[in-house]
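# Fold and contact review
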Amino acid sequence: MKQNDLILQTVTKVAAFVILLFAVAIFLGGHYSPGGGFVGGLMTSAAIVLLLLAYDIKTVTKILPIDYKLMIGSGLFISSLTVAGGLVFGVPLMTHAYRYIDLPILGHISLHTAVLFDLGVYLVVVGVTMTIIQTIGESE
């Protein structure tokens, strides 16, 4: 291992953590402001790509043993159920429900079914981008 690799790997650990925290913040704020599943998914993929640049693909696969194709299917399933939920309750498609609850530490917050839809989009975006990037990386 060269000195440059050690510096890159050390900085990558911190940077990837910060990027992932910001991705979660954007994901959770997506139904109130721009962001959500798509942007959060892209940022998560960027953090994983940063890990791939600092380490090799075998090391990252050992750290994150994720089948990204299964992630794509799960995301499509969750998003489809959320969209079709309107049919079950007799309202138009993509109609989201919300409820306000009081939690001990967080206080008065709202729960939205839009978060479930965003979760599906998030999983699809991470799955597709990482499948493409790993496919390109494995061929080299």
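Residues numbered from 1 in each chain as written. Predicted model: local features only at pLDDT ≥ 70, side-chain atom pairs only at ≥ 80, totals over all residues. Heavy atoms only, no water.

Moving on, we get to the pairing of strand β2 (residues 107-112). Relative to β2, strand β1 (residues 98-103) is paired through six bridges, and the arrangement is antiparallel. Each residue of the ladder has a partner; that of Leu-103, found in β2, is Gly-107. (Pairing = 2+ DSSP bridges. Helix = DSSP H or I, 4+ residues; strand = E, 2+ residues; numbered from the N terminus.)

Turning our attention to the environment of Thr-44. Assignment of secondary structure puts Thr-44 in helix α2 (residues 37-54). Along the backbone, Thr-44 and Ile-136 are 92 residues apart, and their C-alpha atoms lie at a distance of 18 Å. Beyond its immediate chain neighbours, meaning those up to four positions away, Thr-44 contacts Leu-20, Ala-23, Tyr-122 and Val-126. A polar atom in the side chain of Thr-44 sits 2.9 Å from the backbone oxygen of Gly-40. (Contact = heavy atoms within 4.5 Å. Polar contact = N/O pair within 3.5 Å; in protein donor to acceptor, adjacent residues only side chain to side chain.)

So, on to the packing of aromatic side chains. Within the structure shown, the criterion is met by two aromatic pairs. Considering the side-chain rings of Phe-27 and Tyr-122, the 5.5 Å spacing of their centres and the 55° angle between planes classify their relative orientation as tilted. You can see Phe-27 sitting in helix α1 (residues 3-28) and its partner Tyr-122 sitting in helix α5 (residues 114-139), a full 95 residues away along the chain. Between Tyr-98 and Tyr-100, the aromatic rings sit 5.7 Å apart at their centres with planes inclined by 80°, giving edge-to-face as the arrangement. By relative accessible area, Tyr-100 is classed as partly exposed at 48%. (Phe/Tyr/Trp six-rings, centres within 6.5 Å; stacked < 30°, edge-to-face > 60°. Buried < 20%, exposed > 50% of the residue type's maximum accessible area, 1.4 Å probe, protein only.)

For the rest of this paragraph, the subject is the UniProt feature "transmembrane region" (unreviewed entry) in the protein chain. Following the UniProt record, one finds the feature "transmembrane region" (unreviewed entry) at residues 12-32, 38-57, 69-89 and 109-133. Overall, residues 38-57 shows 90% helix and 0% strand. The separation of its end C-alpha atoms is 24 Å. Across residues 109-133, helical content stands at 80% and strand content at 16%; the span's end C-alpha atoms are separated by 37 Å. (UniProt positions renumbered as here; feature names shortened; annotations may be inferred.)

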